[in-house]
Amino acid sequence: MNSQNINSKDWQYEFQQRGGHPLLMADFWCEALCFNYPKEIGLNIKGFDYLMTSESKGYYKKGQREAIIEKFKDRLEKDPEYLQYIFKGTKNTIDEFDSFMTSGSRSWDVFVEKFLNLVPWYYIPWYITEFNFISDKVVRGLEKYKERIEKITDLNNATMILLFPNKKMGFQEEQKLFYKLVEQTKSGKKINISEYLENFGWMKTFVLVPVEPLNEKELEDKIDAAIKEKSDETYRLQQERKGKDKELVDELEKIFTSDNELNESIKDARYLGWLLTWSVEDSMKTFASGIPWYKEIAKTIGVKYEDWVYLTISEISKSLKARKSVVSEKEILERKKANILYILDGKVEVIFGDKATAIIDSLKQEEKIGIEENVKEIIGKSASPGKVRGKVKICPTAQDSHIVEDGDILVTGMTTPDYVPAMKKAGAIVTDEGGLLCHAAIISRELGKPCVIATKIATKVLKTGDLVEVDADNGIIKKIKS
């Protein structure tokens, strides 16, 4: 099979990976969606033909996802136990992966098996969130009480604060400890940096991306920046707002206290929102714990640590047996320039160099078909209220988000914990994707930042430097000046 089999018209863009997607991770993703996903989802479906590029974009063969979404929706509506199956499957599979990684007896073959089993459990709950299957049910339930709710607050705000997870997330614990360090530093007290680094240094990393955890110097710089920017005051105000939101929630819940169906839907939505954020946070922490082992693998096969992720699963297996890389240094350099990994009819293929670049350009052009580049107004879903103006900063991956300065509008496909430093600085957050329970929605609400999600086109029609107004009360982004 060669690159001539890749016709960009056959493939549909699905998502922009948030923290970078090296070739090795793309291989895990594609193989899992083809071979493991069907058995885990329990819907009697075929796996995906899937394609991922070195620009961290994922594409599926046209027509495949649409059929699955319909089956998803139908099963969730007809089988109340299916949602619980998804909750348990996600939690148990991630816990199982944790146990393996912390067991002290790692092997590449078992790692591959466990990771391939894990990938579908990122995908399955993400679909439910992306298409608002649970949150829409809550919205429909709340509409029955619209008149009474709006005597307390507007319906949109009521929906958002009622959906907010009530279980603690890693991000919240990190914020609490970080601002404790800021407070101690300001008062001249001795601080315990090691506790923070041990518990939250992993937040700088991402799954299989060769990025080191936060170090002591970086943490000290973060603390100094927080003092300079007075972000501890912002954090205090956020906590006050959260306290007021909690009072509102208590008042709202009295309105529908006897509506068991609505209360159950809210409970499910809160748990799903927590589960999605927890699953990414926990996985990032678990994968970061494996960094010394990944370095051993790279050393064993004779490649630089930053280069080992440019080999595929099977190539690493063969290289470990041979105790040297089966991919030449020259080819690794070509793969680093540009690469595509795809699975078609169950067969994995890699394209790199100029051929990959040409196909990536073709796929990007296909994405733009039907999108007007001179759009003045973009419509999405309000995820956290507020209205601000600012300059756009397009950040396809978290590694790009260092360009975000105070008050900028962070625009991306979707977010993960490694976007949080940029989200703290941003005046508002805008995403192409996501549902009301996605990471961007939850964290922007936690930070008290205006957020508009599910625009579909923001990263395609906006450019870094554009001046825009984000009206997150109504889910509208207006371009003021290019």
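Before reading on, note that the structure itself is shown above.
Engineer: A description of the overall build of the protein chain should follow, citing residues and the corresponding values.
Structural biologist: Helix and strand counts for the protein chain stand at 20 helices and 13 strands. Computed over its C-alpha atoms, the radius of gyration of the protein chain comes to 23 Å, within 12% of the 23 Å expected for a compact globule of 482 residues. If you take every contact in the protein chain between residues at least 6 apart in sequence, the share linking residues at least 24 apart comes to 67%. Summing over all exposed atoms, the protein chain offers an accessible surface of approximately 21700 Å²; the carbon and sulfur share of this is 48%.

Engineer: Which residues make up the sheet that holds strand β8 (residues 387–394), and what are the values?
Structural biologist: Taken together, the eight strands give an open sheet; going across it, the order is β6-β13-β12-β8-β9-β10-β11-β7, and neighbouring strands pair in mixed fashion. Looking at which strands have only one partner, the edges of the open sheet turn out to be β6 (377–379) and β7 (381–384). Sheet twist, expressed as the average angle between the axes of neighbouring strands with direction ignored, equals 30°. With two bridges joining them, strand β10 (residues 428–431) and strand β11 (residues 451–453) adopt parallel strand pairing.

Engineer: Would you mind going over the environment of L437 in detail, with residue names and values included?
Structural biologist: Inspection of the secondary structure assignment puts L437 in the loop between β10 and α19 (439–447). Spatially, the C-alpha atom of L437 lies 28 Å from that of D27, the residues being 410 residues apart in sequence. Excluding residues within four positions of it along the chain, L437 makes contact with T129, L163, A269, L272, G273, L276 and I442.

Engineer: Could you give an account of the nonpolar core, naming the residues involved and the relevant values?
Structural biologist: Soluble, globular proteins show a tendency: their nonpolar side chains are buried together. Ranked by internal contacts, the top residues of the largest apolar core, which has 137 residues, are F72, F111 and W308. Sequence-distant contacts of W308, defined by excluding residues within four places in its chain, comprise L24, W108, L208, Y294, I297, A298, V303 and I316. Listed in part, the 16 residues of the second largest apolar core include I409, V430, V461 and L462.

Engineer: Kindly report on the packing of helix α12 (residues 231–253) against α19, identifying the contributing residues and their values.
Structural biologist: Two numbers describe how α12 lies on α19: the axes approach to 8 Å, and their chain directions differ by 105°. Here α12 is positioned roughly perpendicular relative to α19, judged by the angle of their axes. Contact with α12, carried on its side by Q238, Q239, R241, K242 and D245, involves R445, E446 and L447 of α19 and no other residues of that element. Considering only residue class, the contact of α12 with α19 consists of one nonpolar, two polar and five charged.

Engineer: Account for unusual backbone geometry, with residues named and values stated.
Structural biologist: Excluding glycine, most residues fall at negative phi; most peptide bonds, likewise, are trans. In the Ramachandran plot, S56 falls in the positive-phi region, its phi being about 65° despite a non-glycine side chain. Residue position: S56 is located in the loop between β2 (50–53) and β3 (57–61). We note that A454 has phi near 55°; this positive angle belongs to a residue other than glycine. In this structure, A454 sits in the loop between β11 and α20 (458–461). Taking the relative accessible area as the measure of exposure, A454 reaches 16% and is therefore buried.

Engineer: Tell me what's going on with α12, and back it up with residues and numbers.
Structural biologist: Helix length check: α12, at 23 residues, gives a terminal C-alpha distance of 32 Å against a target of 33 Å (1.5 Å per residue), a fit within 8%. Considered for burial, the residues of α12 that qualify are S231, D232, Y235, Q238, D245, L248, V249 and L252.

Engineer: Residues and numbers for the packing of aromatic side chains, please.
Structural biologist: Per the stated rule, a full pass over the model turns up 46 aromatic pairs. When the centroid spacing of 6.0 Å and the interplanar angle of 50° are considered together, the rings of Y127 and F131 count as tilted. A relative accessible area of 0% means that Y127 is categorised as buried. Both rings, one in F178 and one in Y179, keep their centres 5.0 Å apart while their planes meet at 80°; by these two values the pair is edge-to-face. Grouping residues by exposure puts F178 and Y179 together as buried. A cation sits over an aromatic face here: K167 above W274, 3.9 Å from the ring centre. Sitting above the plane of the Y305 ring, K295 keeps its charged end 5.5 Å from the centroid.

Engineer: Report on the pairing of strand β1 (residues 11–16), specifying residues and quantitative values.
Structural biologist: Within β1, five of the six residues are buried, leaving the element largely enclosed by the surrounding structure. Judged from the five bridges that link them, β1 and β3 form a sheet pairing that is antiparallel. The partner of Y13 across the bridge, within β3, is Y59.

Engineer: A description of the state of the cysteines should follow, citing residues and the corresponding values.
Structural biologist: In this structure the tally under the stated criterion is zero disulfides. C34 provides the cysteine sulfur closest to C30, a residue in no disulfide bond, and the two sulfurs are 9.0 Å apart. C438 forms no disulfide, and the closest cysteine sulfur to it belongs to C451, at a distance of 6.4 Å. Taking the relative accessible area as the measure of exposure, C438 reaches 11% and is therefore buried.

Engineer: Before we move on, can you summarise the environment of I332 with the specific residues and values?
Structural biologist: On the secondary structure map, I332 appears in helix α16 (residues 329–337). Under the relative-accessibility criterion, I332 is labelled buried at 4%. Among all residues touching I332, those that are not within four sequence positions of it are V303, D307, Y310, L311 and V327.

Engineer: Could you give an account of the pattern of salt bridges, with specific residues and numbers?
Structural biologist: In the structure shown here, the tally under the stated rule is 32 salt bridges. The partner of E366 in a salt bridge is K62, and the shortest N-O contact between them spans 3.9 Å. Remark: K62 occurs in the loop between β3 and α2 (64–78) and E366 occurs in helix α17 (residues 353–368); sequence separation between them is 304 residues. A residue is classified by how much of its surface remains accessible, and E366, at 18% relative accessible area, is buried. For K62, a relative accessible area of 39% translates into the label partly exposed. Between E349 and K347 there is a salt bridge, and its shortest N-O distance comes to 3.6 Å. Assessed through its relative accessible area of 14%, E349 is described here as buried. For K347, a relative accessible area of 44% puts it in the partly exposed group.

Definitions and cut-offs
Residues numbered from 1 in each chain as written. Predicted model: local features only at pLDDT ≥ 70, side-chain atom pairs only at ≥ 80, totals over all residues. Heavy atoms only, no water. Helix = DSSP H or I, 4+ residues; strand = E, 2+ residues; numbered from the N terminus. Rg over C-alpha atoms; globule rule 2.2 N^0.38 Å. Contact = heavy atoms within 4.5 Å. Areas by Shrake-Rupley, 256 points an atom, 1.4 Å probe, with all protein chains shown as cover. Pairing = 2+ DSSP bridges. Axes fitted to C-alpha atoms, helices over the stretch in contact; angles between N-to-C directions. Core = buried A, V, L, I, M, F, W, Y, C linked by side-chain atoms within 4.5 Å. Buried < 20%, exposed > 50% of the residue type's maximum accessible area, 1.4 Å probe, protein only. Parallel < 35°, antiparallel > 145°, perpendicular 65-115°, else oblique. Nonpolar A, V, L, I, M, F, W, Y, C, P; charged D, E, K, R; others polar. Expected span 1.5 Å × (residues − 1). Phe/Tyr/Trp six-rings, centres within 6.5 Å; stacked < 30°, edge-to-face > 60°. Lys NZ or Arg CZ within 6 Å of the ring centre and 35° of its normal. Disulfide = S-S within 2.5 Å. Salt bridge = Lys/Arg side-chain N within 4 Å of Asp/Glu carboxyl O.

Keep in mind that these numbers describe shape and distance, not what the molecule does.
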